[in-house]
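Coordinate inspection notes
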Amino acid sequence: MKKTLQDYLYSLVKSNKVKLLSSVVITLFSGLTRGGSFILLLPLLNLAGITGNPDQNSRAFKLTKIIWDMLGISFTIYTCLIIYVLLVLIHACLGYMKNIIDVTVVQEYKQNLRNELFSAVINAEWGFIKSAKNTHIFNNIINEINNIGYSVNLVISSFSTFTLFFFYLSTSLYVSIKMTVIASLCIVPLLLVQRKLNNNAYKSGLAMYTRHESLFNAVLEFINSFKMAKSYTFQDRYETEFRKITQQTVKDEYIFAKISAGTSILYEVGSAIIVSIILILAIKVVHMPVVDLLLMIYIASKLLPTISSLIRVLQYTLNTLPSYEGVINLLHDSQKNQEKNDDKLPVNEFPKKFIKFSEISFRYDEEKPILNNFSYEIEVNKTTSILGASGRGKTTLVELLLGLLKPHSGKILLDNKDLNDVNLTDWRNMSAYIPQECFLFNATIRENLLWVKPEANEAELQEVLKLVAGEFVFRLPNGLDTNVGDQGIRLSGGERQRIALARALLRNPKILILDEATNALDISNELIIKKAIDNLKGKMTILIIAHNQYLHEGADETVDLEAVPSILYPE
Ligand SMILES: Nc1ncnc2c1ncn2[C@@H]1O[C@H](COP(=O)(O)OP(=O)(O)OP(=O)(O)O)[C@@H](O)[C@H]1O
């Protein structure tokens, strides 16, 4: 906890040193002007005769007089009031500047952290992303960083409380060292009790972090399975589950509120006791002058709340520390699993002869090997069918070929280049992969198509749509400008697949991979797709995975994973 807190504060300081320093300097000046205006009140009371005749022994009076003499102005009630108003004006302007700087620091800190995390996640290996939980990534990027932002805001705002704390402390020391030491000793027991509350604040933050993820999970799972949930009439089940989580969230918040309120009580009562001790000692033992005694009480009544407010900032920071831990852990894990491309060989040309799986072994986990010493050679510009029962590893094979997954041993050769040594961006730019669940953005059909080739013209779009039986688009009232809804929900499954196929062809790939890409189509549309694929034969390398037999008809080669003895099938 202590180490993470240090790392968090260090990351904050490192994030924007100049602005943070400006904020501290402004806070210092702001504190001085505020303190100055407050100190002036006592000599003013003296000068007005409210606290009796000017008490020449009062330290506050002497200090003000020294400053007036240095400024070369006469020490009257009028000059005191003019300086007082001026100080308040400067204080307000500095406060305005500080607010602007603080907001910028918080927003820039959040923005940098969020950008860094997003970039690390998006550049991480597919194998890592596949094993991570979507809601974990989603919650950290969206929610937890906002949470950290609130804490950053509080930490920065506490600079002014810090300045005030040091100001009151030094004034208190100036007025009476003895009394200040006694008051400080009285605070020690409060700080000891406080430690336990701090630990509880961190633990409650951990519980809240887990709850946030459950909440995101519940919402996302419901959204993703909305149709199913409705058709199975499971709304009640979802609702009960959701209510349970929100109820637990309220409990977590309640626990932290209790910790925070407990701290307030501790310091409120503690302050009253300390002020009473100071009063008795100042009157009965030290025999302080009246003005200094008033000043001392005033300082104590101000100093103790600043300590209490600093402690509450610390507590809130500890409470949000699990958010920081979560974000940083995801960031580091993603960075450890980055796809490294910079030092790899560029792939300027598609392989001329073959793509070869050479003694490939792969498993997701130890007990479940998918491929074991698998070897196979795909001839370039040929059409290869990949056969095998469900769960045999057909998609895994394709993901290995695209470099999305890494084999545990063996090589994938592009002619004689090892896929491991080549630039994967170059390699993937030559391919078009249409997975089982084709993804469409919540945008128009045109925007979905242009995603792969922004410069494509209208004729190109129409051509690829015609190739894959996509003419239905032209009959839609808004044609290519029809919005497809979330994940293409406003289209039928078959229509979605045809758009995805058109998109793949628009890319003009060197290798086309169809992974159950037509399983939602009726026979007549599938025949049109088959004809389109037949027309592409010989022009590009094509891999077909399909449960439907006749899509494989006419393929140049067939790899039947059922018949490959070197494959250890999962049980
Ligand atoms: N991320 C993962 N973690 C663990 N096991 C996985 C993971 N992804 C896939 N598998 C397992 O690996 C095996 C092969 O999966 P794969 O998707 O490659 O099969 P497939 O032949 O394409 O199946 P289908 O025809 O049903 O799509 C399956 O048993 C699957 O459960």
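Predicted model, so just to flag it, every value in this text is computed and none were measured. (Residues numbered from 1 in each chain as written. Predicted model: local features only at pLDDT ≥ 70, side-chain atom pairs only at ≥ 80, totals over all residues. Heavy atoms only, no water.)

Ordered in space as E2-E1-E4-E5, the four strands form an open sheet in which the pairing is antiparallel. Each edge of the open sheet is held by one strand with a lone partner, namely strand E2 (368-379) and strand E5 (417-418). Pairing of strand E1 (residues 354-365) with E2, which is carried by eight bridges, proceeds in the antiparallel orientation. Of the residues in E2, the one forming a bridge with phenylalanine 354 is glutamate 379. (Pairing = 2+ DSSP bridges. Helix = DSSP H or I, 4+ residues; strand = E, 2+ residues; numbered from the N terminus.)

Let's shift gears to empty space enclosed by the protein. What the rule picks out here adds up to two cavities of 30 Å³ or more. Approximately 40 Å³ is the volume found for the largest cavity. Lining of the largest cavity is provided by Val468, Leu501, Leu505, Leu512, Ile529, Ala532, Ile533 and Leu536. Broken down by element, the lining of the largest cavity gets its largest block of residues, four residues, from helix H17 (residues 523-536). In terms of residue class, the lining of the largest cavity is made up of eight nonpolar, no polar and no charged. Lining of the second largest cavity is provided by Phe357, Tyr376, Ile378, Thr384, Ile386, Leu397 and Val559. For the lining of the second largest cavity, the secondary structure elements donating two or more residues are E2 and strand E3 (383-387). (1 Å grid on protein atoms, 1.4 Å probe; cavity = no way out; pocket = protein on both sides within 12 Å on 5 of 7 lines; lining within 4 Å. Points joined across faces, edges and corners; volume = space filled by probe spheres on them. Nonpolar A, V, L, I, M, F, W, Y, C, P; charged D, E, K, R; others polar.)

To continue, consider the side chain of lysine 98. Take lysine 98: it is sitting in helix H4 (residues 77-122). Sequence-distant contacts of lysine 98, defined by excluding residues within four places in its chain, comprise Ser23, Ile26, Thr27, Ile156, Phe159 and Ser160. (Contact = heavy atoms within 4.5 Å.)

Let us look at the packing of helix H1 (residues 2-15) against helix H6 (residues 134-175). Packed helices, taken two at a time, are described by their axes: the angle between them and the distance between them. Running from N to C, H1 and H6 cross one another at 75°; their axes reach a closest spacing of 12 Å. It follows that H1 is roughly perpendicular to H6 by the angle criterion. On H6, the residues touching Tyr8, Leu9 and Leu12 of H1 are Ile148, Ser151, Val152 and Val155. Residues of the contact of H1 with H6, tallied by class, amount to six nonpolar, one polar and no charged. (Axes fitted to C-alpha atoms, helices over the stretch in contact; angles between N-to-C directions. Parallel < 35°, antiparallel > 145°, perpendicular 65-115°, else oblique.)

Before going further, it helps to spend a moment on the confidence of the model for the protein chain. In the predicted model, the protein chain carries a mean pLDDT of 86, and the fraction of residues at 70 or more is 95%. Ranking the helices and strands of the protein chain by mean pLDDT puts helix H13 (residues 445-450) first, with 94, and helix H3 (residues 59-71) last, with 75. (pLDDT = per-residue confidence, 0-100.)

This part covers the packing of H1 against helix H10 (residues 290-336). Where H1 meets H10, the axes come as close as 10 Å, and the angle between the chain directions of the two elements is 90°. The orientation of H1 relative to H10 falls into the category roughly perpendicular. Contacts from Thr4, Leu5, Asp7, Tyr8 and Ser11 in H1 reach Leu314, Thr317, Leu318, Leu321, Tyr324 and Glu325 in H10. Looking at the contact of H1 with H10, its residues break down into six nonpolar, three polar and two charged.

In this section: the site of the ligand. Not every one of the 15 residues close to the ligand is listed here, only the nearest: Ser390, Lys394, Thr395, Thr396 and Gln436. Here an oxygen atom of the ligand and a side-chain polar atom of threonine 396 are 2.5 Å apart. For the ligand, the protein covers 71% of the area, taking 630 Å² as the surface of the free molecule. Contributing elements (two or more residues each) for the shell around the ligand: E2 and helix H11 (394-401). In terms of residue count, the dominant contributor to the shell around the ligand is H11 (three residues). The class makeup of the residues in the shell around the ligand is four nonpolar, seven polar and four charged. (Near = heavy atom within 4 Å. Polar contact = N/O pair within 3.5 Å; in protein donor to acceptor, adjacent residues only side chain to side chain. Areas by Shrake-Rupley, 256 points an atom, 1.4 Å probe, with all protein chains shown as cover.)

All right, on to the domain arrangement of the protein chain then. The assigned domain composition of the protein chain is domain 1 (2-15 + 106-336) and domain 2 (354-563). Measuring from the centre of the C-alpha atoms in domain 1 to the corresponding centre in domain 2 gives 49 Å. Every contact between the two is made by five residues of domain 1 and, on the other side, six residues of domain 2. Both sides of the domain 1 and domain 2 interface together cover about 380 Å² of buried area, and 49% of this is carbon and sulfur. (Domains from an automatic or database assignment. Buried area = accessible area lost by both parts, 1.4 Å probe.)

In this section: unusual backbone geometry. Trans is the common state for peptide bonds, and a negative phi is the common state for residues other than glycine. With a phi close to 50°, threonine 233 is a non-glycine residue in the positive phi region. The phi torsion at glutamate 359 lies on the positive side, around 50°, for a residue other than glycine. Of note, glutamate 359 is situated in strand E1.

In this section: the packing of aromatic side chains. Two measures describe an aromatic ring pair: the distance that separates the ring centres and the angle between the ring planes. Applying the stated criterion across every chain yields a total of 13 aromatic pairs. Geometrically, the ring pair formed by phenylalanine 362 and tyrosine 364 is edge-to-face, given 4.9 Å between the ring centres and 90° between the ring planes. With 4.8 Å between their ring centres and 70° between their planes, phenylalanine 441 and tryptophan 451 make a pair best called edge-to-face. Taken together, the residues phenylalanine 441 in the loop between strand E6 (431-434) and H13 and tryptophan 451 in the loop between H13 and helix H14 (458-467) connect sequence positions ten residues apart. Taken together, the ring pairs connect Phe162, Phe165 and Phe166 into an aromatic cluster. (Phe/Tyr/Trp six-rings, centres within 6.5 Å; stacked < 30°, edge-to-face > 60°.)

So, on to the sheet that holds strand E7 (residues 511-515). Spatially, the five strands line up as an open sheet ordered E6-E7-E8-E3-E9, and their pairing is parallel. Sheet topology places E6 and strand E9 (557-560) at the edges, where each strand pairs with a single neighbour. With direction set aside, neighbouring strand axes in the sheet form an average angle of 15°. Bridge analysis of E3 against strand E8 (residues 541-545) gives four bridges, and the strand direction is parallel. In the sheet register, isoleucine 386 faces E8, and the bridge partner there is isoleucine 545. Taken strand by strand, helix H16 (residues 493-506) contacts E6 and E7, and its axis lies near 170° from that of E6.

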